[in-house]
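Listed below, chain by chain, are the residues.
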Amino acid sequence: MSKKLKPLFLCILLASYAGSHFHLIAAKEAKHPRKQGVAPTAASLISDMQKAVAFTAKSAKGKISTKSKEARPLWSSLKTASQALDIMEASLKSDKAATVKAQHDLGRSMIQLCASWGVLRGSHPKLQVGRGVIALSEAHDMYVYHFGPTVARYKKGGKPAKEELEIVGICLDELAKLGDDMESLSKKAKPNSYQARLVNDLLSLIDELLEVKVTNLKSYCKFMYQWDRLSHAVGGYSEIFEAWYPAYYTEWQTVTTDYIELTGEFTEVSVGYYESWEYTELSVAKYDDYYESTAVLASVSEQEESEFESFTEEYSEESATEESEEELEEINEEVEIDEEDDSTAFEEVSDDADDEDGDGESDEEDTDDDNDGVEDEQDEDDDGDGVEDDEDEDEDEEDDEDADDDEDEDDDGIDDDEDGGDEE
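Since the model is a prediction, treat every value here as computed from it, not as a measurement.

### A closer look at the overall build of the chain
Phase 1 of the analysis: When you go through the chain residue by residue, the secondary structure sums to 15 helices and two strands.
Phase 2 of the analysis: With 424 residues in all, the chain has 57% of them scored as buried.
Phase 3 of the analysis: For the chain, the proportion of contacts with a sequence separation of at least 24, taken over those separated by at least 6, is 83%.
Phase 4 of the analysis: Put simply, the chain shows about 18,600 Å² of open surface, and 44% of that area lies on carbon and sulfur atoms.

In structure tokens form, the structure reads like this:
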């Protein structure tokens, strides 16, 4: 079954600057319903991401083998995400350095998860894994756009300091060499393969970053966000190459050894951005259909969350040595590559509005939109949120035709409602 791996990158974040009006309000104590819920906070979004990891692991357990070599990037990314979220939860109010480092690990794991599932789902067509990945991506995007390092810097205000501009200069020097090295790796990749597709993604991200000219706070934040996104992709794709294409990985490793921890330049300085921002006391005022997009998380009980957190974090990469013919077939299939297309592989699952369950089949053609094993015509819970349709006020809602699903159109890691979008 052939399918193009559209963009999968975003599992990520963007925006621009003009207004300084942040749509954040004082957090209120409240329960956490999954439908028309209370305003999300940093803590509640971390909790939602933990539930999403548990739901994804539950959906995959026994169906996607933890012993499969081909599935290693997927299971490994879930493990990293779970561990990073544990750290974020524990250090939210006490250890900003640990929180920033964990956010970096989480960002890398998100790209790796989305990219690997986008390929492997062809061999697992009737699982609900995609619904978990989408819910995780929604919660992650909401967190990054409102509480991530770029937002923290924007909230701090002021022109980029000399130290910050020096970091940008270091990054640009590294970027020039990375671009040359990626061009070399592109020529060594197998034509019309996922090898070539993923390297092409990185070249697109490099080109996009080179277009950012840092002259003020807005452009500095945009550069910082896109640099982090590139570094997450290099790290996440590296693990995919190692598992799927060991021969090519040998070439890859000789070139990319110096780039696996690219975000080191911004990690330390990012900690300072949070020092004067009490973001843990804030909540997101405008969150639109967030609870509808993550409704499936209502099905995850506390017991299941705990059970599958342990299951995920006990995963052993070393024991994943068995070969799956079905997964290998998907990995080695030919793909169309448009070098002019700047979309990335990891955005396909999380950003595809025409595939709500993330199974690779468009909603128009999908007769089981939530992949619960019940055909839509017989399904009494169309959106899979655990509420029967006759009691569900928002089952299977259609997006407003004028709605804009991209919360960060200028790719600066800040929700457009936070920084004014494309306005200068």
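Structure's up, so let's keep going.
### Brief notes about the packing of helix H6 (residues 162-188) against helix H8 (residues 217-244)
Phase 1 of the analysis: The geometry of H6 relative to H8 is characterised by a closest axis approach of 11 Å and an angle of 40 degrees between their N-to-C directions. Comparing their axes, H8 and H6 come out oblique. By crossing handedness, the relation of H6 to H8 is classed as left-handed. Within the contact between the two elements, H6 uses Glu164, Val168, Cys171, Leu172, Glu174, Leu175 and Leu178 and H8 uses Tyr220, Phe223, Trp227 and Leu230.
Phase 2 of the analysis: Looking at the contact of H6 with H8, its residues break down into nine nonpolar, no polar and two charged.

### A few points about unusual backbone geometry
Phase 1 of the analysis: At asparagine 192, a position not held by glycine, the phi torsion is positive, near 50 degrees.
Phase 2 of the analysis: Although it is not a glycine, aspartate 288 adopts a positive phi angle of roughly 45 degrees.
Phase 3 of the analysis: Structurally, the position occupied by aspartate 288 is in the loop between strand S2 (282-284) and helix H11 (290-293).

### Looking at the packing of aromatic side chains
Phase 1 of the analysis: According to the stated counting rule, one finds 18 aromatic pairs in the structure shown.
Phase 2 of the analysis: Measuring from centroid to centroid gives 5.7 Å for tryptophan 75 and phenylalanine 311, while their planes differ by 80 degrees, and the two rings are edge-to-face. Residue tryptophan 75 is found in helix H2 (residues 72-91), and its partner phenylalanine 311 is found in helix H12 (residues 302-313); the two are separated by 236 residues along the sequence.
Phase 3 of the analysis: Assessed through its relative accessible area of 1%, tryptophan 75 is described here as buried.
Phase 4 of the analysis: Measuring from ring centre to ring centre gives 5.4 Å for tryptophan 277 and tyrosine 279, while their planes differ by 35 degrees; the resulting arrangement is tilted.
Phase 5 of the analysis: Under the relative-accessibility criterion, tyrosine 279 is labelled buried at 3%.
Phase 6 of the analysis: Among the aromatic residues, those joined into a cluster by ring pairs are Tyr143, Phe147, Tyr274, Trp277 and Tyr279.
Phase 7 of the analysis: A cation over an aromatic ring shows up here: lysine 61 above the ring of phenylalanine 311, its NZ or CZ 4.8 Å from the ring centre.

### Digging into the nonpolar core
Phase 1 of the analysis: Residues Tyr143 and Tyr237 are the most contacted members of the largest nonpolar core, which totals 104 residues.
Phase 2 of the analysis: At 14 residues, H8 tops the list of elements feeding residues into this core.

### Digging into the environment of leucine 328
Phase 1 of the analysis: Along the chain, the position of leucine 328 falls in helix H13 (residues 325-331).
Phase 2 of the analysis: Classification of leucine 328 by relative accessible area gives partly exposed; the value is 23%.
Phase 3 of the analysis: Expressed as a C-alpha distance, the spacing of leucine 328 and alanine 71, which sit 257 residues apart in the sequence, is 9.5 Å.
Phase 4 of the analysis: What leucine 328 contacts, discounting residues up to four positions off in sequence, is Glu70 and Glu323.

### What about a negative patch on the surface?
Phase 1 of the analysis: Together, Asp180, Glu183, Asp207, Glu211, Asp338, Glu339 and Asp341 make up a negatively charged patch on the protein surface.
Phase 2 of the analysis: Tracing the sequence through the fold places aspartate 341 in the loop between H13 and helix H14 (347-351).

### Some points on the confidence of the model for the chain
Phase 1 of the analysis: Here the chain averages 81 in pLDDT, and 74% of its residues register 70 or above.
Phase 2 of the analysis: In this model residues 371-376 is a low-confidence stretch, pLDDT under 50, and it forms 19 contacts with partners more than four residues away in sequence or in other chains.

### Looking at the pattern of salt bridges
Pairs may arise between side chains of opposite charge once their charged atoms sit close together.
Phase 1 of the analysis: Inspection of the entire model under this criterion finds 11 salt bridges.
Phase 2 of the analysis: Lysine 58 is the partner of glutamate 304 in a salt bridge, and the nearest nitrogen-oxygen pair spans 2.6 Å. With glutamate 304 in helix H12 and lysine 58 in helix H1 (residues 42-60), this residue pair connects regions lying 246 residues apart in the sequence.

### Here we look at H2
Phase 1 of the analysis: Spanning 20 residues, H2 covers 28 Å between terminal C-alpha atoms, matching the ideal 28 Å at 1.5 Å per step.
Phase 2 of the analysis: The buried fraction of H2 is high, at 15 of 20 residues.

Conventions and cut-offs
- Residues numbered from 1 in each chain as written.
- Predicted model: local features only at pLDDT ≥ 70, side-chain atom pairs only at ≥ 80, totals over all residues.
- Heavy atoms only, no water.
- Helix = DSSP H or I, 4+ residues; strand = E, 2+ residues; numbered from the N terminus.
- Buried < 20%, exposed > 50% of the residue type's maximum accessible area, 1.4 Å probe, protein only.
- Contact = heavy atoms within 4.5 Å.
- Areas by Shrake-Rupley, 256 points an atom, 1.4 Å probe, with all protein chains shown as cover.
- Axes fitted to C-alpha atoms, helices over the stretch in contact; angles between N-to-C directions.
- Parallel < 35°, antiparallel > 145°, perpendicular 65-115°, else oblique.
- Left-handed = near helix turned anticlockwise from the far one by under 90°.
- Nonpolar A, V, L, I, M, F, W, Y, C, P; charged D, E, K, R; others polar.
- Phe/Tyr/Trp six-rings, centres within 6.5 Å; stacked < 30°, edge-to-face > 60°.
- Lys NZ or Arg CZ within 6 Å of the ring centre and 35° of its normal.
- Core = buried A, V, L, I, M, F, W, Y, C linked by side-chain atoms within 4.5 Å.
- Patch = residues over 30% accessible without salt bridge, like charges linked within 9 Å, V, L, I, M, F, W, Y side chains within 5 Å.
- Salt bridge = Lys/Arg side-chain N within 4 Å of Asp/Glu carboxyl O.
- Lys, Arg positive; Asp, Glu negative; His and termini not counted.
- Charge placed at Lys NZ, Arg CZ, Asp CG, Glu CD.
- pLDDT = per-residue confidence, 0-100.
- Expected span 1.5 Å × (residues − 1).

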